[in-house]
Amino acid sequence: AQINMKDSTVQVVAYWEKGEKYNYSLKTYDYKITGNDTTWTSRTNSIFSIEVIDSTATGYLLKYTSLDEMGTSSLKGDEDFSKKIEKLASNIPLILKTDEWGYFEGIENFEEYRKQLNQVIDLAFEEVEKLLDAQSKEQKLSKKEKKELKDQTSTMVSKLKTLFNNENYVYKSIEPLTAILTFHGGEFEIRKEYTSESKTPSPFEEGKYLNSHNSYGVYSYNPENSVTTFFLEQVYDNNQLSEATLTMLNKLLPEDKKLTELPENQKLEMSILTMVDVHTYTGWPTYGLNVQLTTSQDVKKIKKWEVDIILED
């Protein structure tokens with residue numbers, strides 16, 4: 001396997017073949033803890049598949065398909081409809097490309113995906129418009145009221161297309177898959193903790209990045225079954241996080257109430273922990289865990305996902 005006991009190292013290399021396919025379960029959790037009280041925002045259970053559709057000297061092409069999803073959410077109105085579009089969008093296959101080690105490099109069919117996505121959104125809103133027309137007749141709305149309703153619908157379509165066509169959004173939607181490929185291509189000393197400084201996506205603005213301090217390495221290993229657990233902990237720079245929080249708050253406040261300093265109760269600490277199990281003999285990930293923790297005084301907000309390979313008997 002790729003666990004070398006002679007020099008105490010482990011390396012993750014993908015030994016995949018065209019036609020190999022595995023299903024994974026994905027569970028997501030979003031909740032906050034205030035004192036002893038826990039408030040849930042959403043929980044989902046879904047299944048996705050990964051199939052190797054090509055294998056070359058320069059890497060692999062993987063077909064990612066969402067198979068099933070069930071979930072509960074406290075979102076209402078436009079946000080809830082956005083989630084419905086998100087679910088429909090997840091049914092469009094994505095072709096992902098990796099390097100020869102199995103490390104994620106990008107989306108191969110992004111333009112085709114974007115085209116199909118816009119078709120899905122248009123079809124969904126055709127159904128919405130039919131419902132609105134029926135409601136308009138039932139409520140006997142005036143021409144002016146009908147026009148206002150149609151304009152609101154068009155604005156919503158435009159906003160959703162902007163959101164779902166954003167490359168950052170698409171990459172975020174497959175984050176659990178890309179995260180479990182994080183350690184592919186790396187060679188790690190088993191008993192060494194590595195550290196680095198890097199840019200990590202801002203929790204407040206898409207496309208913006210904040211400094212983070214990272215710790216990573218091998219958490220545990222088992223030469224008998226060839227499974228190695230890797231970890232990566234990212235801790236946001238508190239000063240940059242405070243500046244970003246202040247900027248976000250001021251965008252929401254009227255001009256005469258903008259803040260020059262962040263209130264004590266709004267100061268945040270934020271970290272992201274990722275743990276991945278890899279079967280190093282083949283390079284297939286078997287389990288992944290990601291916990292994003294945001295702390296502010298006595299409030300903790302947790303966003304968490306778990307990925308587990310489904311092995312059939």
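Predicted, not measured: the structure shown is a model, and the values here were computed from it.

A.B. asks: Give a description of the pairing of strand β13 (residues 284–296) that names residues and reports values.
C.D. replies: Sheet topology places strand β12 (residues 269–279) next to β13; eleven bridges connect them, and they run antiparallel. Its bridge partner lying in β13, His279 is registered against Trp284. Linkage of β12 to β13, two consecutive antiparallel strands, is achieved through a turn of four residues, within which Gly283 is found at a positive phi near 90 degrees. Relative to strand β14 (residues 299–310), β13 runs antiparallel, the two sharing ten bridges. Of the residues in β14, the one forming a bridge with Asn290 is Trp305. A loop of two residues connects β13 with β14, the two strands running antiparallel in sequence, and Gln297 in this loop sits at a positive phi of about 50 degrees.

A.B. asks: Just give me the short version of the pattern of salt bridges, but keep the residues and values in it.
C.D. replies: Side chains bearing opposite charge may pair, as long as their charged atoms lie close to each other. Summed over all chains, the structure comprises three salt bridges. The residue Lys97 makes a salt bridge to Glu108 at a minimum N-O spacing of 4.0 Å. Residue Lys97 is located in strand β6 (residues 94–98), and its partner Glu108 is located in the loop between β7 (104–107) and α2 (110–139); the two are separated by eleven residues in the primary sequence. Classification of Glu108 by relative accessible area gives partly exposed; the value is 46%. Taking the shortest distance from any N to any O, the salt bridge between Arg114 and Glu111 comes out at 3.0 Å. Taken together, the residues span about one helical turn, with Arg114 and Glu111 both in helix α2 at a distance of three residues. Classification of Arg114 by relative accessible area gives partly exposed; the value is 24%.

Criteria and cut-off values
Residues numbered from 1 in each chain as written. Predicted model: local features only at pLDDT ≥ 70, side-chain atom pairs only at ≥ 80, totals over all residues. Heavy atoms only, no water. Pairing = 2+ DSSP bridges. Helix = DSSP H or I, 4+ residues; strand = E, 2+ residues; numbered from the N terminus. Salt bridge = Lys/Arg side-chain N within 4 Å of Asp/Glu carboxyl O. Buried < 20%, exposed > 50% of the residue type's maximum accessible area, 1.4 Å probe, protein only.

Taken by themselves, the reported measurements are silent on function.
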